[in-house]
Amino acid sequence: MHKNSDHNELENPKMKDNVFHVPEGYFEKLHQVILTQSELDFLDKKALKENIFKTPEGYFETASQHIIQQIEAPVKVIPLYNKSWFRYAAAVAALITLFIFGMKSEDVTDIDEFANLSDEVIIEYLLDEEISNLDILASIDDGAAILDELYMDEMDALEYPDYDNPEMEYDFEYTDY
Amino acid sequence: MEDKDILVQFGNINTRNSAFSELVKKYQERIYWQVRRIVIDHEDADDVVQEIFIKIYKNLENFREASQLFTWMYRIATNESLTFIKKKQRHHMQSIDDIQYDLVDKIQNGPYIDGDEIQKRLQEALLTLPDKQRLVFNMKYFENLKYDQIAEITGTSVGALKASYHLAVKKIENLLKQH
């Protein structure tokens, strides 16, 4: 019974009248308030998220072809004796060799003789003797300095595609803010 | 083609190059836009994107599927973009201010940029952020990536990213209000 009377009251059109009011001129100001607010929330503007950067026409079609062409191009093989660390090691080994033989023989007395040795002779010597560059470096006084230099060379070399090691694990350098 | 199919085909020497071609076609645009927003200039972005895909090609065999393929590629792209900026600064002996000045000039007058004044102002304001913060802002604001995705890409905690993004937003809003 009680429910029925409630129901009837809700059907009274007056019940739908808005009992709330706003300060005078509120809606005129509201427009400006919204605009100001949107100015404050500048970053929320959808237009700002639009991509303003463009590319030349047909760029993506040609770009993928360029990448594939580079991948399919024959790999540039760098001979071992062209590697900077190997040249250092070879030079150091040659100096040691000259020093050792210089002590024993009178034939090699001048350091200029070093200049007459070809890369091939030095490489052959290193391969025959199975001397590692680290062994050689460990045996001389400024080995540490040369090792540092070799390390720097290798680090620089990694920046160029020709020297990239394909097996290299990709290290991410993201460290700080 | 699904990523897993691309990876299977890449593992087969006979289908490797065609699988890689699919990979490039599938992802090059997303990678390009990510790079472009960092390096700004189209020619620079083009160089960096090529370098990124060559690195991806050389390292894809080592990809152990511990993360999504795209996340892994994004990580490489992110790192290469930051490395490019550092290298450019070093090679041209430029200060950060010089580089910023060049980039602002490119935003205002460079080719292949077509935005209204307010959009360009935002890009200029972004250049005042540290590169890594700008990167996080781009991933969150423009690319709508989730924090956990960005955390995986950058190897940073979600908390640190939220703090970084919040700071970036505050800085940008302040800068834009000053104009």
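Note that the structure is predicted; figures quoted are calculated from it, not measured.

Caption draft 1: How the structure looks around the overall build of chain B. What chain B contains, in helices and strands, is 9 helices and 0 strands. Along its sequence from the N terminus, chain B presents helices and strands in the succession α-α-α-α-α-α-α-α-α. Every one of the 179 residues in chain B was classed for burial, and the buried ones make up 53%. Of all intrachain contacts in chain B linking residues separated by at least 6 positions in sequence, the fraction that spans at least 24 positions is 59%.

Caption draft 2: Expanded view of the nonpolar core. Residues F20(B), I31(B) and F137(B) are the most contacted members of the largest nonpolar core, which totals 69 residues. With 11 residues, helix α2 (residues 16–39) of chain B is the single largest residue contributor to this core.

Caption draft 3: Quick peek at the confidence of the model for chain B. Residue and element names in this part refer to chain B. For chain B, per-residue confidence averages 89 on the pLDDT scale, and 97% of positions sit at 70 or higher. Mean pLDDT values over the elements of chain B span from 84, in helix α5 (residues 96–109), up to 93, in helix α1 (residues 3–11). Here the predicted complex scores 0.60 on pTM and 0.75 on ipTM.

Caption draft 4: Structural context of the packing of helix α6 (residues 117–126) of chain B against helix α7 (residues 131–142) of chain B. Residue and element names in this part refer to chain B. Remark: α6 packs on α7, axes separated minimally by 10 Å, with the N-to-C direction vectors making an angle of 145°. Along its contact with α6, which presents L122, Q123 and L126, the element α7 presents R134, F137, N138, Y141 and F142. In the contact of α6 with α7, the residues fall into 5 nonpolar, 2 polar and 1 charged.

Caption draft 5: Molecular detail of the packing of α6(B) against helix α9 (residues 158–178) of chain B. All names here are of chain B. Contact geometry of α6 with α9 gives a least axis separation of 10 Å together with a crossing angle of 130°. Judged by the angle between their axes, α6 and α9 are oblique. In this structure, α6 meets α9 at a crossing whose hand is right-handed. Along the contact surface, α6 presents R121, L122, A125 and L126, while α9 presents I172, L175 and L176. Here the residues of the contact of α6 with α9 sort into 6 nonpolar, no polar and 1 charged.

Caption draft 6: Highlighting unusual backbone geometry. Residues and elements named next belong to chain B. A positive phi angle is found at E65, which is not glycine, with a value near 60°. Here E65 lies in the loop between α3 (42–59) and α4 (69–91). For E65, a relative accessible area of 52% puts it in the exposed group. A positive phi angle, close to 55°, is found at N144, a residue other than glycine.

Caption draft 7: Local environment of a negative patch on the surface. A surface patch of like charges, here negative, comprises D97(B), D98(B), D102(B) and D105(B). Structurally, D105(B) can be placed in helix α5.

Caption draft 8: Region of interest: the packing of aromatic side chains. Residue and element names in this part refer to chain B. This model, assessed by the stated rule, comprises 17 aromatic pairs over all chains. Both rings, one in F137 and one in F142, keep their centres 6.3 Å apart while their planes meet at 75°; by these two values the pair is edge-to-face. Over the face of the ring belonging to F70 we find R30, whose NZ or CZ atom lies 3.9 Å from the ring centre.

Caption draft 9: Region of interest: the environment of L126(B). Residues and elements named next belong to chain B. Considering the arrangement of structural elements, one finds L126 in helix α6. Taking C-alpha positions, L126 is 9.6 Å from I38, a pair spaced 88 residues apart along the chain. Among all residues touching L126, those that are not within four sequence positions of it are R134, F137, N138, F142 and I172.

Caption draft 10: Quick peek at the confidence of the model for chain A. Residue and element names in this part refer to chain A. Chain-level pLDDT for chain A is 60 on average; 20% of the residues reach the 70-or-more range. Put simply, helix α8 (residues 143–157) is where chain A has its lowest mean pLDDT, 47, and helix α3 (residues 59–72) is where it has its highest, 86. In this model residues 150–177 is a low-confidence stretch, pLDDT under 50, and it forms 59 contacts with partners more than four residues away in sequence or in other chains.

Caption draft 11: Highlighting the side chain of T71(B). All names here are of chain B. With respect to the secondary-structure elements, T71 resides in helix α4. Among the residues examined, T71 registers a relative accessible area of 10% and is labelled buried. Ignoring anything within four residues of it in the chain, the contact list for T71 reads Q149, E152 and I153.

Definitions and limits used
- Residues numbered from 1 in each chain as written.
- Chains lettered and ligands numbered in written order.
- Predicted model: local features only at pLDDT ≥ 70, side-chain atom pairs only at ≥ 80, totals over all residues.
- Heavy atoms only, no water.
- Helix = DSSP H or I, 4+ residues; strand = E, 2+ residues; numbered from the N terminus.
- Buried < 20%, exposed > 50% of the residue type's maximum accessible area, 1.4 Å probe, protein only.
- Contact = heavy atoms within 4.5 Å.
- Core = buried A, V, L, I, M, F, W, Y, C linked by side-chain atoms within 4.5 Å.
- pLDDT = per-residue confidence, 0-100.
- Axes fitted to C-alpha atoms, helices over the stretch in contact; angles between N-to-C directions.
- Nonpolar A, V, L, I, M, F, W, Y, C, P; charged D, E, K, R; others polar.
- Parallel < 35°, antiparallel > 145°, perpendicular 65-115°, else oblique.
- Left-handed = near helix turned anticlockwise from the far one by under 90°.
- Patch = residues over 30% accessible without salt bridge, like charges linked within 9 Å, V, L, I, M, F, W, Y side chains within 5 Å.
- Areas by Shrake-Rupley, 256 points an atom, 1.4 Å probe, with all protein chains shown as cover.
- Salt bridge = Lys/Arg side-chain N within 4 Å of Asp/Glu carboxyl O.
- Lys, Arg positive; Asp, Glu negative; His and termini not counted.
- Charge placed at Lys NZ, Arg CZ, Asp CG, Glu CD.
- Phe/Tyr/Trp six-rings, centres within 6.5 Å; stacked < 30°, edge-to-face > 60°.
- Lys NZ or Arg CZ within 6 Å of the ring centre and 35° of its normal.

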